[in-house]
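# Report on the structure
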Amino acid sequence: MTSQTLTYREALRASIEQALIEDDKVFLMGEDVGKYGGCYAVSKGLLDTYGAERIIDTPLCESGFVGVGIGAALGGMHPIVEIMTVNFSLLAMDQIINSAATMHHMSGGQLNVPIVIRMACGAGKQLAAQHSHSWENFYAHVPGLKVLSPATQNDARHMLGQALNDPDPVIIFEHVMLLNESGEVLDKPDADMEKALVRRQGQDISLITYGGCLHKALSAAEKLASLNINAEVIDLRCLRPLDTATILASVAKTHRAIIIDEGWMTGSIAGEISAIIMEQGFWFLDAPVKRLCTAEVPIPYPSHLEQAAIPQVETIITSAQAIMAGEQ
Amino acid sequence: MNQKLHLDRHHLIRQLTQMLRIRRFEEKCAELYAQEKIRGFLHLYIGEEAIAVGVMAKLTPEDNIVATYREHGHALARGLSMNSVLAEMYGKTNGCSRGRGGSMHLFDKQHHFYGGNAIVAGGLPLAVGLAMANKQQHKQNVTACFFGEGAVAEGEFHEAMNLAALWKLPVLFICENNQYAMGTALALSESETNIAKKAQSYGMPAVQVDGMNVVDVESATVKAIEYINTNTSPYFLECQTYRFRGHSSFDGQLYRTKAEVKQWEEKGPVIRLIKWLQQNNHFDDAELQRIESDIDNEISQAIMFAEQGEWESISDLCKGVYTPANHTTSISTLQGEQ
């Protein structure tokens, strides 16, 4: 197997490019994906190579162009639709939830919608309260959708291809703080897209997370190791459907769990996982499940407040220590 | 394809038959609703039949249709069987959407009938996307998108207009202007009540048509399709019409007078065509009775079919949310395998 080092952004671009090469039904559509090169420069250069028929700049009308993507998918195409940020995706929620997610079911199984919708998410760039949120949970709530959260460069490289091979609508969240990070990219995916992965083995406590918080959980685990706490790190990768078996297997081994989630705590994915552990893994537990989420505040502009709002390595470490010491 | 308008006797009687099928079917549906055989919402198309019948007559089997929650007439005019439509309204597995959709969500892949959308204006972007798929795959087909004038107030209407015109996509927009969005008259919701004018502002040709006259609708459709095919660009029809019944099954109709309804009923599409045929084409009562009797039979058959249909097992409740694993290719087979 060959291996190379790419940034997350380069990995995303390579995945789009491969899809364009392999399938003439694939096209990329979104605001500023063409001439501008993508709001986050993910699609930079693709317009020159693949032309305006396959790299389509849209007007600013999220509901309109997402709906058009869904229609094109119904008509036999394989659209990749980019929405600049999850915040703007709220304008397209009608089409995503009322059309894409329902079409297969409402038609009695006759139709399917093979669309992939990519969007940026997450805090950390001081973009304040209308460009910084993590609302994976809004979409993970909806039957009919699949929701992916690539946290590694290899997942950034391969999850798009996996999503395009899925006959149903798939939403991919790309955390903005990962874009410039480099890492190893292999020539094949780590696993099926719906599988959660143990990114670090451990037996004392499970750190369950996804997306932008994975590297925080991994660095916390490294520091915890030096404190004689051996943490296991689970990368959920897919937020709908959830790989419940992998979560429960880890908790069965470690008997303790912290869920780290950049969404707000109320109604969060962390809450969902906590409930799953409670319902199906209660007797494994030696301590209450802990949720580390974003504070219940719109993301503020100043860096110190923004960082205070979202989960941090330090809080993961102190929470794990407290749980291990039986202090929670 | 060069579309021509053939107004011979045979064709007019066929159009009358289609309109009567829809009319009698829906009258029966209202009865079945009262008997609680049909539940949920029931949006009747009575009064507006000339539009679906006029437009559908000029579509090819490969053309796409996107309709709204008031789509029984469109489904029947498109060729979905009355059996499968009624069974769907009963919620039975032999319905056209396996009973999962009901009256507002009639679908038929074989007939390129993409629903049955109950989000006002929600179907417009889908229609633009279907047209985009056709264009990208070099298929010369039209996507006909039906919607009410209430949709015009929604942002999705304007986004779809702009995208269709900007990208020159082969969409036939058909606004069924029945004057009221539920109970709100057009003048109470729009600063500009000429809807065709709004469409023109997006750079597409748009005309107002007498939606109570099936011949006018068909003739306008011929021109529209010719334009769409020649220019690979959208075209807009605003069909002026009126629904004789309430918005849905729950409507006290406080917003309009009986006199107004009566006035429109007098120029209704069915009565008008019957009168014209009687005056000009030696159309006698016996012939009309034969048509009515055939329709009665078709409706009786459909009721039997729906009654005999099966309820889906509750153990299958969560099926049909995702495409089954044995799906061979992620490419939708809707048009790809023809």
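Keep in mind the model is a prediction, meaning the values are calculated, not measured. (Residues numbered from 1 in each chain as written. Chains lettered and ligands numbered in written order. Predicted model: local features only at pLDDT ≥ 70, side-chain atom pairs only at ≥ 80, totals over all residues.)

## Comments concerning the overall build of chain A
When its secondary structure is counted, chain A shows 13 helices and 14 strands. For 328 residues, the compact-globule estimate of 2.2 N^0.38 gives 20 Å, and chain A sits close to it at 20 Å. Per-residue burial over chain A gives 56% buried out of 328 residues. Put simply, of all contacts in chain A between residues at least 6 apart along the chain, 78% involve residues at least 24 apart. (Helix = DSSP H or I, 4+ residues; strand = E, 2+ residues; numbered from the N terminus. Rg over C-alpha atoms; globule rule 2.2 N^0.38 Å. Buried ≥ 20, exposed ≤ 12 C-beta atoms within 10 Å, placed from the backbone. Contact = placed C-beta atoms within 7 Å.)

## Notes on the packing of helix H10 (residues 244–254) of chain A against helix H11 (residues 269–281) of chain A
Residues and elements named next belong to chain A. It is the contact of H10 with H11, at a shortest axis distance of 10 Å, that shows an interaxial angle of 65°. Put simply, H10 runs roughly perpendicular to H11. Crossing angle aside, the handedness with which H10 passes H11 is right-handed. Residue-level inspection shows Thr-244, Ile-247, Leu-248, Val-251 and Ala-252 of H10 in contact with H11, the latter providing Ile-273, Ile-276, Ile-277, Gln-280 and Gly-281. (Axes fitted to C-alpha atoms, helices over the stretch in contact; angles between N-to-C directions. Parallel < 35°, antiparallel > 145°, perpendicular 65-115°, else oblique. Left-handed = near helix turned anticlockwise from the far one by under 90°.)

## Describing the sheet that holds strand S6 (residues 146–148) of chain A
Residue and element names in this part refer to chain A. Pairing is mixed in the open sheet, where 7 strands are placed in the order S3-S2-S4-S5-S7-S6-S12. Looking at which strands have only one partner, the edges of the open sheet turn out to be strand S3 (55–57) and strand S12 (238–240). Between one strand axis and the next, the sheet turns by 20° as a mean value, whatever way the strands run. Here S6 pairs with strand S7 (residues 170–175) via 3 bridges, running parallel. When the bridges of S7 are listed, Val-147 appears paired with Ile-171. Set on the sheet, helix H8 (residues 153–164) makes contact with strand S2 (26–30), strand S4 (78–85), strand S5 (116–121), S6 and S7; between it and S7 the angle comes to about 165°. (Pairing = 2+ DSSP bridges.)

## Observations regarding the interface of chain B and chain A
Residue-level contacts link 39 residues of chain B with 39 residues of chain A. Examining the composition of the side of chain B that touches chain A, we find that 10 residues originate from one element, helix H5 (residues 123–136) of chain B, more than from any other.

## Description of the sheet that holds strand S1 (residues 64–68) of chain B
Residues and elements named next belong to chain B. Within the open sheet, the 6 strands sit side by side as S2-S1-S3-S4-S8-S7. Their pairing is parallel. Because the sheet does not close on itself, it has two edges, and the strands there are strand S2 (113–117) and strand S7 (206–210). On average, adjacent strands in this sheet sit at an angle of 15° to one another, irrespective of strand direction. Alignment of strand S4 (residues 171–177) against strand S8 (residues 235–240), held across 6 bridges, turns out to be parallel. Bridge pairing in S8 links Phe-173 to Phe-236. The strands touched by H5 are S1, S2, strand S3 (143–148) and S4; relative to S3, the strand with the most contacts, the crossing angle is about 175°.

## What to know about H5 of chain B
All names here are of chain B. In this model, H5 (14 residues) spans 20 Å end to end at C-alpha, consistent with the 20 Å of a helix rising 1.5 Å per residue. Of all 14 residues in H5, 13 are buried; the element is thus mostly enclosed. Phi for His-138, located one or two positions after H5, is positive at around 55°. (Expected span 1.5 Å × (residues − 1).)

## Considerations on unusual backbone geometry
Cis peptide bonds are those with omega within 30 degrees of zero, and the linkage from Arg-240 of chain A to Pro-241 of chain A qualifies with -5°. With respect to the secondary-structure elements, Pro-241 of chain A resides in the loop between S12 and H10. Residue Ala-128 of chain A is not a glycine yet carries a positive backbone phi of 65°. Looking at the element boundaries, Ala-128 of chain A is found in the loop between S5 and helix H7 (136–140). C-beta crowding within 10 Å serves as the criterion here: with 14 such atoms nearby, Ala-128 of chain A is assigned to the partly exposed category. Residues other than glycine seldom take positive phi values, yet Glu-36 of chain B does so here, at roughly 65°. When you line up the elements, Glu-36 of chain B lands in the loop between helix H1 (9–34) and helix H2 (49–56).

## Points about the confidence of the model for chain B
All names here are of chain B. Averaged over every residue, the pLDDT of chain B is 94; the share at 70 or more is 95%. Here residues 328–338 is a poorly scored stretch, pLDDT under 50, and it has 23 contacts once near neighbours within four places are set aside; other chains count. As a predicted assembly, this complex carries a pTM of 0.95 together with an ipTM value of 0.94. (pLDDT = per-residue confidence, 0-100.)

## Topic: the pairing of S4 of chain A
Residue and element names in this part refer to chain A. Counting buried residues along S4, 7 of its 8 residues qualify, which places the element largely inside the surrounding structure. For S2 and S4, the ladder comprises 5 bridges, and the chain directions are parallel. By the bridge assignment, Val-26 is partnered in S4 with His-78. By the bridge criterion, 5 bridges tie S4 to S5 in an arrangement that is parallel. When the sheet's bridge partners are listed, Glu-82 is paired in S5 with Arg-118.

## Overview of the environment of Glu-53 of chain A
Residues and elements named next belong to chain A. Mapping Glu-53 onto the fold places it in the loop between helix H2 (46–50) and S3. Taking the number of C-beta atoms within 10 Å as the measure of exposure, Glu-53 has 9 and is therefore exposed. In the structure, Glu-53 is positioned 26 residues away from Phe-27 in sequence and 7.7 Å away in space, judged by C-alpha atoms.

## Side note on the nonpolar core
Grouped together as the largest cluster of nonpolar side chains are 184 residues, with contacts concentrated most on Leu-207 of chain A together with Val-128, Cys-145, Leu-172 and Ile-174 of chain B. With 8 residues, the single largest contributor to this core is H5 of chain B. (Core = buried A, V, L, I, M, F, W, Y, C linked by C-beta atoms within 7 Å.)

## A look at the pairing of strand S14 (residues 290–294) of chain A
Residues in a regular strand project their side chains so that they alternate between the two faces of the sheet. Residues and elements named next belong to chain A. The buried fraction of S14 amounts to 4 of the 5 residues, a majority that puts the element mostly inside the structure. In this sheet, S14 lies alongside strand S13 (residues 257–264) in parallel orientation, the contact comprising 4 bridges. Within the sheet, the bridge partner assigned to Ile-258 lies in S14 and is Lys-290. In the classification by handedness, the crossover that spans S13, the intervening H11 and the parallel S14 is right-handed. (Right-handed = clockwise from strand over helix to strand, strands pointing away.)

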